[in-house]
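Structure at a glance
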Amino acid sequence: MEESSSKADDSSTQDDVPPLVVKDVNVLLERERSEGVSSPSRDDDSTLFNQGTNSSILDDNTKPDSSVREGRSKSSGLCFSDGKSRIDYILVYRKTSSQSEKREIFERNIRAEGLQMEKEASLTNSDVIFLKLHAPWDVLCRYAELMNIRMPFRRKILFMHRRQKFMSRMEKRINKCRGWLPRKPMKFDNDALPDLEENESFTAPFSRSRIHHFIIHNKDTFFSNATRSRIAHHILQRVKYEEGKNKMGLNRLLSNSSYEAAFPLHEGSYHSKNSIRTHGAENHRHLLYECWAWWGVWYKYQPLDLIRRYFGEKIGLYFAWLGWYTGMLFPAALVGLLVFLYGLFTLEHCQVSKEICQATDIIMCPICDQYCPYLRLSDSCIYAKVTHLFDNGATVFFAVFMAVWATVFLEFWKRRRAVLAYDWDLIDWEEEEDEIRPQFEAKYSKKERTNPISGKPEPHQAFSDKYSRLIISASGIFFMILVVIAAVFGIVIYRVITVSTFAAFDWALIRNNSQVATTGTAVCINFCMIMLLNVLYEKVALLLTNLEQPRTESEWENSFTLKMFLFQFVNLNSSTFYIAFFLGRFTGRPGAYLRLINRWKLEECHPSGCLIDLCMQMGIIMVLKQTWNNFMELGYPLIQNWWTRRRLRREHGQKAKASFPQWERDYNLQPMNAYGLFDEYLEMILQFGFTTIFVAAFPLAPLLALLNNVIEIRLDAYKFVTQWRRPLPSQAKDIGIWYGILEGIGILSVITNAFVIAVTSDFIPRLVYAYKYGPCAGQGRAGEGCMIGYVNASLSVFRVSDFETRSEPMTNGSELFGEAVKHCRYRDYREPPDTSEPYSYTLQFWHVLAARLAFIIVFEHMVFAIKTLIAYLIPDLPKDLRDRMRREKYLIQEMMYEAELERLQREKNEKKKKYRAHHKEWP
């Protein structure tokens, strides 16, 4: 709900915007009792709202601001030169611009709309002119009514029924018992930060005819600064700059360089010499910095109401979603860490790693042509132990848990969003129909069709033209995906060539770990290619989206978002998919290797399996990408702002910046990204994909994501508060197209994790061996004792004399084993060379293949059934929210009924007075 200021006398001591945290129910009721308002009874609805607000609360004699606040606003450049008219919007242009005629017409029409204007030259560049705009009270009221802005009209007194009263008494007793415990460290101290308190009010669309019903303690603070800026921007978007049907709007003037910048002002400096706990907040920007963007409060909950009040609902919803996602990562990170620790504690009891470490007599075939030597299986002991950390008995449970977690996260986010939409008055808000894009209008202005909603003629795109453009765009997307596949193919060739090079390296450390060195360098090169291709993809996505000619800005944004996500998702995960599902699967066997272009032998997995390569790929990519993103998000604007401050100090002295007005300071900050919150959402959605899609192979992914997000929230907060110009506060009911993308990732994660467990890990081969071929075959159990002999059973025998000429090692192994090697082993289920069908698949191979396919089918169906059941059982609206909405609807009807009775009573009294007066004149 829209919060209101609580008291008239508070308006003289607080800032322009009332503070923002709703009090506890008991505290609120006690305050009402102290003010003389009777406590609401269980059955009497008439006492559930403030009776004192039935009459008009508009007081024209109230002071607009205290002298302290007025002085601060005037000195910091938040008002016109008269020190009273608050600046609601800033336009910046250059005197040397060639669009002066359009600008003059535009400014003349701005005055006609009622906005007040004042111009001032820049202190650092005489060519730069700042146009300050102020919306007077009558203009704000007129457009607030047109825009259906909801404003507070009746203060809420919360209702508690018997059970809640009983629970409150129980809570008091419990609180006495736990009084010795420390206070909740993650919540803000309302006593120390009184500016965060705010009382709830019922709200309704503003109406000038019913202005006496609204809570107006002060005209200057009734509309918040964000609302004033939104109204000013709404006006600027509908003012004409040329004679013509669609020659209007600030966006068009920004695109043709009539104006250089347009932004609302920050509310002063975010720094203060005085402590917020002793002197209070200087302004809401200072309050946001101290309570949100400062690193010292990294463990605190976010003040979402204050964020929403300052930056608008759209940005508030992003931080609400980011905070909710980060909070939901705690259980996922904890379970992932427990799975990792389970593997660590059971490492010494793992029969498979024991057999690998003790297999000094098993000689493995070379993993590359010529240069790779024969190896003992025991040489891969360390890798076998590391693999067990991620591939153990808890892996399947964790994969199921993460699939369920993704569903619970999305379902509970819908509930959380519904609560925020109710608290922020977005339940009945409908997005205005977007304006037609200037590019679309210019392209199709000759063909018009009547809009079925507005009834006005507008440009029309023919069906054949629209779908031909979509086909070309889809072809471009397909081509770019082929570019990604080509890049992955290049990485594959690099890995194939480099493994032989590293095997012949002079440095023993590299030579003995040639496969790990190959994987590590390939991942780093892959990361660099990902970063370079991302730059190309952004330009291609922009080109293809403009080629499609979307009709409105929202259609353009959705189309661009989908393309960028698809490009970056494929770019980021293509190599991971290759390692997970293709590496070592199609290499053939010794003596009959499959080759690229009949030249390069495909890369094999490590003797301990392919999972170690997948873990390394995910870990390196995740850490490097998150580090790079955080640096670019904060480091780039920090460097640019530092360079600007350095230039200003060099040109105007050390203390020049301190004397600059607020519009000059904000102009020197960096503008928000051209795509709004796109980059922030995209980074988190790609991280969500990394956290869920291959989580069975890397249980520590949620923990890394959690650590990153704790930093990410404060980085974004610091960036919005200190490094960027204040973005235009805008409304939104949800996170848009990103929710559908999250659902798609959740479905894909079930499929990929099923294949990772069945294909990439050794879970299924071990299970088949334990129940069918091991010492416990036929006994219906599968413990560590049942895995004795598994390693030997999973390796096939190859006769060295059957090697191809180009694959035969340069050494015969005598320098390592004392004699020439005659037979070596490799990972596969094939017959020995001395059988009637040498090197053909054994029966165990087909059993393992059947078990893998069966596991994929059973796992997917079971997890999808659980996800569907959970989604069905969790309602989108919490029960208490549904009751609150019904209760509010009922109370509003009662209020309207009482107001109507008062009106009828007044009319009746007026008629009686007229009747009496008439009879006095004519006795």
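The rules we used
- Residues numbered from 1 in each chain as written.
- Predicted model: local features only at pLDDT ≥ 70, side-chain atom pairs only at ≥ 80, totals over all residues.
- Heavy atoms only, no water.
- Helix = DSSP H or I, 4+ residues; strand = E, 2+ residues; numbered from the N terminus.
- Buried < 20%, exposed > 50% of the residue type's maximum accessible area, 1.4 Å probe, protein only.
- Axes fitted to C-alpha atoms, helices over the stretch in contact; angles between N-to-C directions.
- Parallel < 35°, antiparallel > 145°, perpendicular 65-115°, else oblique.
- Left-handed = near helix turned anticlockwise from the far one by under 90°.
- Contact = heavy atoms within 4.5 Å.
- Core = buried A, V, L, I, M, F, W, Y, C linked by side-chain atoms within 4.5 Å.
- Disulfide = S-S within 2.5 Å.
- pLDDT = per-residue confidence, 0-100.
- Pairing = 2+ DSSP bridges.
- Salt bridge = Lys/Arg side-chain N within 4 Å of Asp/Glu carboxyl O.
- Expected span 1.5 Å × (residues − 1).
- Nonpolar A, V, L, I, M, F, W, Y, C, P; charged D, E, K, R; others polar.
- Lys, Arg positive; Asp, Glu negative; His and termini not counted.

**Details of the overall build of the protein chain**
Along its length, the protein chain carries 30 helices and 17 strands. Relative to its full complement of 923 residues, the protein chain shows a buried share of 51%.

**Considerations on the packing of helix α15 (residues 395–423) against helix α29 (residues 843–873)**
The interhelical angle for the contact between α15 and α29, taken along N-to-C directions, is 30 degrees, at an axis separation of 10 Å. By the angle class used here, α15 and α29 are roughly parallel. Helix-helix and strand crossings are classified by hand; for α15 and α29 the assignment is right-handed. Contacts from Val-396, Ala-399, Val-400, Ala-403, Val-404, Thr-407, Val-408 and Glu-411 of α15 reach α29 at Phe-855, Phe-859, Met-862, Val-863, Ile-866, Lys-867, Ile-870 and Ala-871.

**Examining the nonpolar core**
Of all hydrophobic cores here, the largest spans 155 residues; its most connected members are Trp-292, Phe-311, Trp-321, Tyr-325, Trp-405 and Phe-859. For this core, the element with the most residues is helix α12 (residues 313–345), which contributes 15 residues. Among the nonpolar cores identified, the runner-up in size contains 40 residues, and Phe-153, Leu-236, Val-239 and Leu-253 belong to it.

**So, the state of the cysteines**
Counting across every chain of the model gives three disulfides. With its sulfur 1.9 Å from that of its partner, Cys-357 forms a disulfide with Cys-381. Classification of the bridge connecting Cys-357 and Cys-381 rests on its S-S torsion, roughly 80 degrees, and on that basis the disulfide is right-handed. In this pair, Cys-357 sits in helix α13 (residues 351–358) while Cys-381 sits in helix α14 (residues 381–390), placing the two residues 24 residues apart along the sequence. Overall, the relative accessible area of 23% leaves Cys-357 in the partly exposed class. With its sulfur 1.9 Å from that of its partner, Cys-365 forms a disulfide with Cys-824. Because the torsion about its S-S bond is 85 degrees, the bridge between Cys-365 and Cys-824 counts as right-handed. Here the residue Cys-365 occupies a position in the loop between β8 (363–364) and β9 (375–376), and Cys-824 occupies one in strand β17 (residues 823–827), the gap between them amounting to 459 residues. Taking relative accessible area as the criterion, Cys-365 reaches 8% and is therefore assigned buried. Cys-528 provides the cysteine sulfur closest to Cys-524, a residue in no disulfide bond, and the two sulfurs are 7.2 Å apart.

**A closer look at the confidence of the model for the protein chain**
Scored by pLDDT, the protein chain has a mean of 79; 82% of the residues are at 70 or more. Confidence over residues 1–75 falls short of pLDDT 50; this stretch has 164 contacts with residues more than four positions distant or in other chains. Here residues 159–167 scores under 50 on pLDDT; set against residues more than four positions off or in separate chains, the count is 11 contacts.

**Description of the environment of Tyr-301**
Looking at the secondary structure, you find Tyr-301 in the loop between α10 (284–293) and α11 (304–311). Residues Tyr-301 and Gly-327, 26 residues apart in the sequence, show an inter-C-alpha distance of 10.0 Å.

**Looking at the sheet that holds strand β3 (residues 116–121)**
Spatial ordering of the open sheet is given by β3-β4-β2-β7, a layout of four strands whose pairing is antiparallel. The sheet is open, and its two borders are formed by β3 and β7 (261–263), each paired with just one other strand. Averaged over all pairs of adjacent strands, the angle between strand axes in this sheet comes to 20 degrees, irrespective of strand direction. Across six bridges, the pairing between β3 and strand β4 (residues 128–134) is antiparallel. Looking at the pairing, Gln-116 lines up with His-134 of β4. Along the sheet face, helix α7 (residues 225–236) touches β2 (89–94) and β4 and points at about 45 degrees away from the line of β2.

**Considerations on the pattern of salt bridges**
Scanning the model with the defined rule gives 24 salt bridges in all. Ionic pairing is found between Glu-118 and Lys-132, a salt bridge with its closest N-O pair at 2.7 Å. Of the two residues, Glu-118 is situated in strand β3 and Lys-132 in strand β4; the sequence distance between them amounts to 14 residues. One exposure class covers both Glu-118 and Lys-132, and it is buried. When salt bridges that share partners are traced, they join Arg-94, Asp-127 and Glu-260 into one network.

**Observations regarding α29**
Here α29 contains 31 residues, and its C-alpha end-to-end distance of 45 Å stays within 8% of the 45 Å for a straight helix at 1.5 Å per residue. Looking at α29, one finds that the buried residues are Gln-844, Phe-845, Val-848, Phe-855, Ile-856, Phe-859, Glu-860, Val-863, Lys-867 and Ile-870. On its buried face, α29 is in contact with α15, α25 (737–760), α26 (763–773) and α27 (790–793).

**Description of the pairing of β4**
In terms of residue burial, β4 counts as a mostly covered element, since seven of its seven residues are buried. Connecting β3 to the next strand, β4, in antiparallel fashion are six residues.

**Digging into the packing of helix α4 (residues 137–146) against α7**
Packing of α4 against α7 brings their axes to within 10 Å, and their N-to-C directions diverge by 75 degrees. What the angle tells us is that α4 and α7 run roughly perpendicular. Residue-level inspection shows Val-139, Leu-140, Tyr-143 and Ala-144 of α4 in contact with α7, the latter providing Arg-228, Ile-231, His-234 and Ile-235. For the contact of α4 with α7, the class distribution of residues is six nonpolar, one polar and one charged.

**Thoughts on the side chain of Glu-712**
For Glu-712, the position within the fold is in helix α24 (residues 701–723). No salt bridge is formed by the buried Glu-712; the nearest opposite charge belongs to Lys-719, separated by 5.6 Å. The contact partners of Glu-712, leaving out residues within four places of it in the chain, are Leu-322, Asn-630, Glu-633, Glu-683 and Met-684.

**Digging into α11**
In terms of burial, α11 is a largely internal element, eight of the eight residues being buried. Buried within α11 we find Leu-304, Asp-305, Leu-306, Ile-307, Arg-308, Arg-309, Tyr-310 and Phe-311. Just downstream of α11, Gly-312 is the residue with a positive phi angle, here 100 degrees.

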